[in-house]
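Coordinate inspection notes
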Amino acid sequence: MTASFDLLEKMEREQDVIPYLGKDRITNLPEGILLHILSFLPTKDSIRTSLVSRRWRYLWKSVPSFNLSVLVDGNRHNRTPQEIVDFVDQALMLRDGSDLKNFSFSYYDSGDDLDSDDLIVHHLKTWIEVAINLKTEVLDLFLYPAESIFELPSSKTLEILRLCLDCAFILQLPQGFGRLRNMELISVGFLPDGIPLDFFSNCPVLETLLLSDIRFNGMSTLNISAPSLRILTVDVFNLSNCEIKVSAPCLVSFKYSFSLVPKTFIFSRCLSLADAEFYCCKDDGDDASDLRLSKLIRGISCVKKLTLRCSFFQLLRLAKDVHTCLETPFANLKYLKIWLDRCVCEVYVRSVIYLLQSCPNLEKLVIKFQSSISHDRTQCEPLEYPPRFRMGHLTEVEIIYFNLKDRETKWEKLLRYHSPVLKQMIIKPWYLAY
């Protein structure tokens, strides 16, 4: 009897399930969940779902995101710029007025029809204003090519701003964004007054800032005073005539790459800085680079983790007075990673040694030899032991991109000789580093 009762109960449970197998369960989901699902689709696809059923007919009008990516290739059949403009205009105009959390527009034209590009740029200004009026929180734009002077409207709701534009696109920022947390500007041009002096201080919750391939046309001072900024990346080629002032009490990570040493780099209230990376080169016509480099090092001397590319040691090698550049010790530094050329000349070695002498509490050192052969083979003499120095806290060394012969193998001996508490040395041949 018990077995029969259990079998009957199992059959009843299966009968409860079977009627649902042929039904559209997605359509029966709550509207909020459906809108969330549609928000991950490109806008043109979310509009197409209006053909699914009556319930889906108007759902796309409330989707909290707009996402359109357009690639114009002169060798293929594409939508005309006017058709693109008409589509975006109607998609925004027919919305039901609900909040638009995310506005993402990507336009790339591989042709040379500048009039068409101007049409897109002209309407883009209106689309951004509409998105901001609809309380957008994420504004993500990729536009190439583009030639225009555009004043970005202010917003009380914007939290993430990502702009990747043509450098001929001149941007004028507002006085600030009260809720902005993440800002990425790539290939953007600025006039001397393009960034208001108090812009970053008027972004009180800004945590991440990326400036890449920026053209500062005549700008003499870049003032980054951000009370909540934690991550700062500056990837700009020429700032040699620009004064950079950074005041960020919460700054944790700073990366400065592919640029000349700036005219002045002043750090203030950046005592929480823990991680820094540098890749910069020397301006051949600059006789004051020693002083500039010294100021730069002084500003980040409190870091605990530091990565230096080979170009940094080129600067030290060419410096008139290395001791002046490294007069401020890295007293808190625990982890140091350096990149070197395979062909290491003696002056390079001494630059590295001078740096190590400035790191009295260093615990781990990583030396990464670049796979490319150095073009500078001057003064490539045998590696000799420098004057005595002591790394009393260094316990771990890792050497990678290492060819295990001739000059490079002597790095082991040098580091062992000057590191009395060294516990581990890891050597990775270059062919195992990939």
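Residues numbered from 1 in each chain as written. Predicted model: local features only at pLDDT ≥ 70, side-chain atom pairs only at ≥ 80, totals over all residues. Heavy atoms only, no water.

Digging into the overall build of the chain
Our working rule: Working definition: helices are DSSP H or I runs of at least four residues, strands are E runs of at least two. Numbering for both runs from the N terminus. The classification of residues rests on relative accessible area computed with a 1.4 Å probe and restricted to protein chains. Under 20% of the type maximum is buried, over 50% is exposed, and intermediate values are partly exposed. By definition, residues are in contact when any of their heavy atoms lie within 4.5 Å. Only the protein chains shown count as cover for residues, and the accessible areas themselves come from Shrake-Rupley with a 1.4 Å probe.
Within the chain, the regular secondary structure consists of 10 helices and 21 strands. Residues classed as buried in the chain amount to 47% of the 434 residues present. In the chain, the proportion of contacts linking residues at least 24 apart, taken out of those at least 6 apart, comes to 59%. When the accessible area of the chain is evaluated, it comes to approximately 22,200 Å², of which 52% is carbon and sulfur surface.

Thoughts on empty space enclosed by the protein
We count it as follows: The method works on a 1 Å grid over the protein atoms by themselves. A cavity is a set of points holding a 1.4 Å probe that cannot get out, a pocket is an open set with protein on both sides within 12 Å along at least five of seven lines, and residues with an atom within 4 Å of a point line them. Grid points are joined across faces, edges and corners, and a volume is the space filled by probe spheres set on the points. Basically, the charged four are Asp, Glu, Lys and Arg, the nonpolar ten are Ala, Val, Leu, Ile, Met, Phe, Trp, Tyr, Cys and Pro, and anything else, Gly included, counts as polar.
Counting across every chain of the model gives three cavities of 30 Å³ or more. Within this model, the largest cavity holds a volume of roughly 60 Å³. In terms of lining, the largest cavity is formed by Thr43, Ser46, Trp60, Val63, Ser65, Phe66, Ala91 and Arg95. For the lining of the largest cavity, the class distribution of residues is four nonpolar, three polar and one charged.

Some details on helix 4 (residues 81-93)
To keep things clear, this is the line we draw: A helix is expected to span 1.5 Å multiplied by its residue count minus one. Directions pointing from the helix axis toward each C-beta atom define the arc.
In this model, helix 4 (13 residues) spans 18 Å end to end at C-alpha, consistent with the 18 Å of a helix rising 1.5 Å per residue. Buried within helix 4 are the following residues: Pro81, Ile84, Val85, Val88, Ala91 and Leu92. Relative to the axis of helix 4, the buried residues are bounded by an arc of 135 degrees and lie together on one face.

Regarding the side chain of Thr136
Note the threshold: Any pair of nitrogen or oxygen atoms within 3.5 Å is treated as a polar contact; in protein, a donor-acceptor pairing is required on top of that, and neighbouring residues in sequence qualify only through side-chain atoms on both sides.
Mapped onto the fold, Thr136 is located in the loop between helix 5 (114-133) and strand 3 (138-144). A polar contact is formed between the side chain of Thr136 and the backbone oxygen of Lys101, at a distance of 3.3 Å.

Some thoughts on the pattern of salt bridges
Test applied: Within this document, salt bridges are pairs made up of a side-chain nitrogen of Lys or Arg and a carboxyl oxygen of Asp or Glu, the two lying within 4 Å of each other.
For the structure shown, the criterion picks out 12 salt bridges. Glu363 serves as the salt-bridge partner of Lys334, at 3.8 Å between the closest nitrogen and oxygen. Taken as a pair, Lys334 in the loop between helix 8 (322-325) and strand 18 (335-340) and Glu363 in the loop between helix 9 (346-357) and strand 19 (364-369) lie far apart in primary sequence, 29 residues in all. Judged by relative accessible area, which is 36%, Glu363 ranks as partly exposed. Between Glu396 and Lys364 there is a salt bridge whose closest N-O contact spans 3.5 Å. Of this pair, Glu396 sits in strand 20 (residues 396-402) while Lys364 is found in strand 19, placing the two residues 32 residues apart along the sequence. On the basis of relative accessibility, which here comes to 21%, the residue Glu396 falls in the partly exposed class. The network of salt bridges with shared partners includes Asp99, Lys101 and Glu137.

Looking at the packing of aromatic side chains
Our working rule: Note on ring pairs: Phe, Tyr and Trp rings are taken, using the six-membered ring of Trp, and paired if centres are within 6.5 Å. Classes follow the plane angle, with under 30 degrees stacked, over 60 edge-to-face and the rest tilted.
Applying the stated criterion to the full structure yields 10 aromatic pairs. On the basis of an interplanar angle of 15 degrees and a centroid distance of 5.6 Å, the ring pair of Tyr108 and Tyr144 is categorised as stacked. Of this pair, Tyr108 sits in strand 2 (residues 102-109) while Tyr144 is found in strand 3, placing the two residues 36 residues apart along the sequence. Residue class for Tyr144 comes out partly exposed when judged on its relative accessible area of 38%. Where Phe199 meets Phe200, the ring centres are 5.1 Å apart and the plane angle is 80 degrees; that geometry is what we call edge-to-face. Assessed through its relative accessible area of 0%, Phe199 is described here as buried.

Some points on the nonpolar core
Worth spelling out the cut-off: Take the buried Ala, Val, Leu, Ile, Met, Phe, Trp, Tyr and Cys residues and link them wherever side-chain atoms come within 4.5 Å; each set so joined is a nonpolar core.
Formed by 108 residues in total, the largest nonpolar core has its most connected members in Phe105 and Phe254. In terms of residue count, the dominant contributor to this core is helix 5 (seven residues). With sequence-adjacent residues up to four places away left out, Phe254 is seen in contact with Leu232, Val234, Phe265, Phe267, Leu273, Asp275, Ala276, Glu277, Phe278 and Ile300. Counting residues in each nonpolar core, the second largest holds seven residues, with Leu34, Leu38, Leu59 and Val63 among its members.

Details of the side chain of Thr49
Within the secondary structure, Thr49 is located in the loop between helix 3 (43-48) and strand 1 (65-72). On the basis of relative accessible area, Thr49 is assigned to the buried category, the value being 13%. Within the structure, Thr49 has its side chain in polar contact with the backbone oxygen of Ser46 (distance 2.4 Å). Beyond its immediate stretch of four places on either side in the chain, Thr49 contacts Leu38 and Trp56.

Focus: helix 2 (residues 31-38)
Of the residues making up helix 2, those classed as buried are Leu34, Leu35 and Leu38. Down the axis of helix 2, the buried set is contained in an arc of 100 degrees. They therefore lie on one face. The inward-facing, buried residues of helix 2 abut helix 3.

Examining the sheet that holds strand 15 (residues 264-268)
Definition in use: Two strands form a pair only when DSSP identifies at least two bridges running between them. Axis angles are defined between N-to-C directions and span 0 to 180 degrees, where every axis is a line fitted to C-alpha atoms and, for a helix, only to the segment in contact.
In space, the three strands of this open sheet follow the order 11-13-15, with parallel pairing throughout. Strand pairing shows two members of the sheet lacking a second neighbour, strand 11 (221-225) and strand 15, which therefore form its edges. Between one strand axis and the next, the sheet turns through 10 degrees on average, direction left out of account. Across five bridges, strand 13 (residues 243-247) lies against strand 15 in parallel orientation. Of the residues in strand 15, the one forming a bridge with Ile244 is Phe265.

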